[in-house]
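Listed below, chain by chain, are the residues.
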Amino acid sequence: MPQQHPVRPDQPVSPPGSRGIDEILAAARARLRRLDPEQAHLAYRGGAVLVDIRPAAQRAAHGTVPGALVVERNVLEWRFDPRCPARLPLATGYDLPVIVLCQEGWTSSLAAAALQDLGLRRATDVIGGFVAWRIAGLPALGPTPPPRVPSVVPPVTAGRPPR
């Protein structure tokens, strides 16, 4: 039976049968054999498909995994459902090992569970996401560091004649 949380004055009463995100996430993760970054890297090197579901802005800001397939979260199910005309060419069966990667390992759990709902029983995700992948020192590209600002900034001279 789902745990009832005390109702806060600023929180509406939830409708019967609804679940909070903590419950949804726990149920999703209970179905997955989640991988730590090192395990995910080994599986990827062994032929599993590593799918980066982060939006372009996150990839630009934080970096990418070389060779990872980029399929943003909003189209993931359509690209991996073997029954769907919009599927990727590699999504032809249900035994495809898919490892989903997000920024910190939260959204990827929900996405991997959604792929399992489609029948991709080997779908899973990376514990800690790209942040943990990077901390583990696994292959990553970017982001391009910002230009280095000199430690001594010259005074503003706008509007003054050159000396």
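Details of the structure are given in the entry above.
Note that the coordinates shown come from a computational prediction; the quantities given were computed from them, not determined experimentally.

Caption draft 1: The arrangement of the packing of aromatic side chains in detail. Applying the stated criterion to the full structure yields zero aromatic pairs. For the cation-ring pair, R54 lies above F130, with the distance from its terminal atom to the ring centre recorded as 4.3 Å.

Caption draft 2: Quick look at the pattern of salt bridges. Scanning the model with the defined rule gives eight salt bridges in all. The partner of D125 in a salt bridge is R34, and the shortest N-O contact between them spans 2.8 Å. Within this pair, whereas D125 is found in strand β4 (residues 124–125), its partner R34 is found in the loop between α1 (21–31) and α2 (37–45), the two being separated by 91 residues in sequence. The pair D125 / R34 is uniform in exposure class, with both members buried. The shortest N-O distance in the salt bridge between D95 and R121 comes to 2.4 Å. With a gap of 26 residues between them, D95 in the loop between α4 (76–80) and β3 (98–101) and R121 in the loop between α5 (107–118) and β4 connect regions that are remote in the sequence. Taking the relative accessible area as the measure of exposure, D95 reaches 39% and is therefore partly exposed. Classification of R121 as exposed rests on a relative accessible area of 58%.

Caption draft 3: Examining the nonpolar core more closely. Within the largest apolar cluster, 19 residues are counted, with the highest numbers of intra-cluster contacts made by V51, L76, F80, V98, L115 and L120. If you list the elements that add at least two residues to this core, you get β1 (49–52), α4, β3 and α5. The element that contributes the greatest number of residues to this core is α5, accounting for four residues. L35, Y44, A68 and F130 belong to the second-largest nonpolar core, a separate cluster that totals 13 residues.

Caption draft 4: Fine view of the side chain of T124. As for its position among the elements, T124 is in strand β4. Only 2.7 Å separates the side chain of T124 from the backbone oxygen of R33, close enough to count as a polar contact. Of note is the side chain of T124, whose polar atom sits 3.5 Å from the backbone nitrogen of R34. Excluding anything up to four places from it in sequence, T124 contacts L32, R33, R34, L35, V98, I99, V100 and A112.

Caption draft 5: Just the environment of L50, in detail. Summarising the element assignment, L50 is placed in strand β1. Counting along the chain gives 76 residues from L50 to V126, while the straight-line C-alpha distance between them is 9.5 Å. Aside from chain neighbours lying at most four places away, what touches L50 is Y44, V65, A68, L69, I99, L101, V126 and W133.

Caption draft 6: Fine view of the packing of α1 against α5. α5 packs onto α1 with a crossing angle of 60° between their chain directions and a minimal axis gap of 9 Å. Classified by the angle their axes make, α1 and α5 are oblique. α5 is crossed by α1, and the crossing has left-handed handedness. Facing α1, whose interface residues are I21, I24, L25, A28, R29 and R31, α5 presents S109, L110, A113, Q116 and D117. When its residues are assigned to classes, the contact of α1 with α5 shows six nonpolar, two polar and three charged.

Basis of the calculations
Residues numbered from 1 in each chain as written. Predicted model: local features only at pLDDT ≥ 70, side-chain atom pairs only at ≥ 80, totals over all residues. Heavy atoms only, no water. Phe/Tyr/Trp six-rings, centres within 6.5 Å; stacked < 30°, edge-to-face > 60°. Lys NZ or Arg CZ within 6 Å of the ring centre and 35° of its normal. Salt bridge = Lys/Arg side-chain N within 4 Å of Asp/Glu carboxyl O. Helix = DSSP H or I, 4+ residues; strand = E, 2+ residues; numbered from the N terminus. Buried < 20%, exposed > 50% of the residue type's maximum accessible area, 1.4 Å probe, protein only. Core = buried A, V, L, I, M, F, W, Y, C linked by side-chain atoms within 4.5 Å. Polar contact = N/O pair within 3.5 Å; in protein donor to acceptor, adjacent residues only side chain to side chain. Contact = heavy atoms within 4.5 Å. Axes fitted to C-alpha atoms, helices over the stretch in contact; angles between N-to-C directions. Parallel < 35°, antiparallel > 145°, perpendicular 65-115°, else oblique. Left-handed = near helix turned anticlockwise from the far one by under 90°. Nonpolar A, V, L, I, M, F, W, Y, C, P; charged D, E, K, R; others polar.

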